Amino acid sequence: VLDGCDAARTIVNAGATGDGIGAVYALARERGFATTGICSTLARDAGLAVAPQVQRVFWVDDNRWGGIDPATGRLSPTSQAMVEASDRIVAIGGGGIARDECLAARAAGKPVVFLP
């Protein structure tokens, strides 16, 4: 996926921790991409480690990890921030949160690529 992107014009953004898709941060930095992370304050409060290659983390005050909030039927603040900050979404695997963000991005007219 990164092969098709210009490192001078692309920011790689994921959930800030090194788990799961966060493994992309090391590869992105090796290739010269700027990196950011958008993450629920739940991760910070739980003491989860931020991937060392993330240059800037944006903590979102959220009582959920992301996805659709069943009480409101809307995206949680973390997922809303992820979708709003992205020009396009590339999901590689993922679960319900990734699904919810991809569907919201598509509904907002943003390009979405899903790689199982």
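This text follows the structure it describes.
Every value quoted in this text rests on a predicted model; they were computed, and no experiment measured them. (Residues numbered from 1 in each chain as written. Predicted model: local features only at pLDDT ≥ 70, side-chain atom pairs only at ≥ 80, totals over all residues. Heavy atoms only, no water.)

Regarding the pattern of salt bridges
- Here the structure, examined in full by the defined rule, presents three salt bridges.
- Where Arg44 meets Asp45, a salt bridge forms, and the shortest distance between an N and an O atom there is 3.2 Å.
- Since its relative accessible area comes to 42%, Arg44 is described here as partly exposed.
- Among the salt bridges present, the one from Asp100 reaches Arg99, with a minimum N-O distance of 2.9 Å.
- The buried category is assigned to Asp100, whose relative accessible area is 11%. (Salt bridge = Lys/Arg side-chain N within 4 Å of Asp/Glu carboxyl O. Buried < 20%, exposed > 50% of the residue type's maximum accessible area, 1.4 Å probe, protein only.)

Section: the pairing of strand E1 (residues 11-14)
- Burial along E1 is one-sided: the face carrying Val12 and Ala14 is buried and the face carrying Ile11 and Asn13 is not.
- Relative to strand E2 (residues 34-40), E1 runs parallel, the two sharing four bridges. Paired with Asn13 across the two strands is Thr36, which belongs to E2.
- Chirality of the crossover, the property in question, places the unit of E1, helix H1 (residues 24-30) and E2 among those that are right-handed. (Helix = DSSP H or I, 4+ residues; strand = E, 2+ residues; numbered from the N terminus. Pairing = 2+ DSSP bridges. Right-handed = clockwise from strand over helix to strand, strands pointing away.)

What about the packing of aromatic side chains?
- The final tally for this structure, using the stated rule, is zero aromatic pairs.
- The ring centre of Trp59 lies 5.8 Å from the NZ or CZ of Arg44, which sits over that ring. (Phe/Tyr/Trp six-rings, centres within 6.5 Å; stacked < 30°, edge-to-face > 60°. Lys NZ or Arg CZ within 6 Å of the ring centre and 35° of its normal.)

Looking at helix H4 (residues 96-107)
- An ideal rise of 1.5 Å per residue puts 16 Å on 12 residues; H4 measures up with 16 Å between its terminal C-alpha atoms.
- Count one or two residues on from H4 and you reach Gly109, which has phi positive near 80°. (Expected span 1.5 Å × (residues − 1).)

Quick look at unusual backbone geometry
- In this structure, Ala16 is a non-glycine residue whose phi angle is positive, near 85°.
- On the secondary structure map, Ala16 appears in the loop between E1 and H1.

Focus: the environment of Phe33
- In this structure, Phe33 sits in the loop between H1 and E2.
- You can call Phe33 buried: its relative accessible area is 2%.
- On a C-alpha basis, the gap between Phe33 and Ala98 in space is 22 Å, while along the polypeptide they are 65 residues apart.
- Discounting residues that sit within four places of it in the chain, Phe33 has contacts with Leu2, Cys5, Asp6, Ala7, Thr10, Val12, Ala28 and Gln55. (Contact = heavy atoms within 4.5 Å.)

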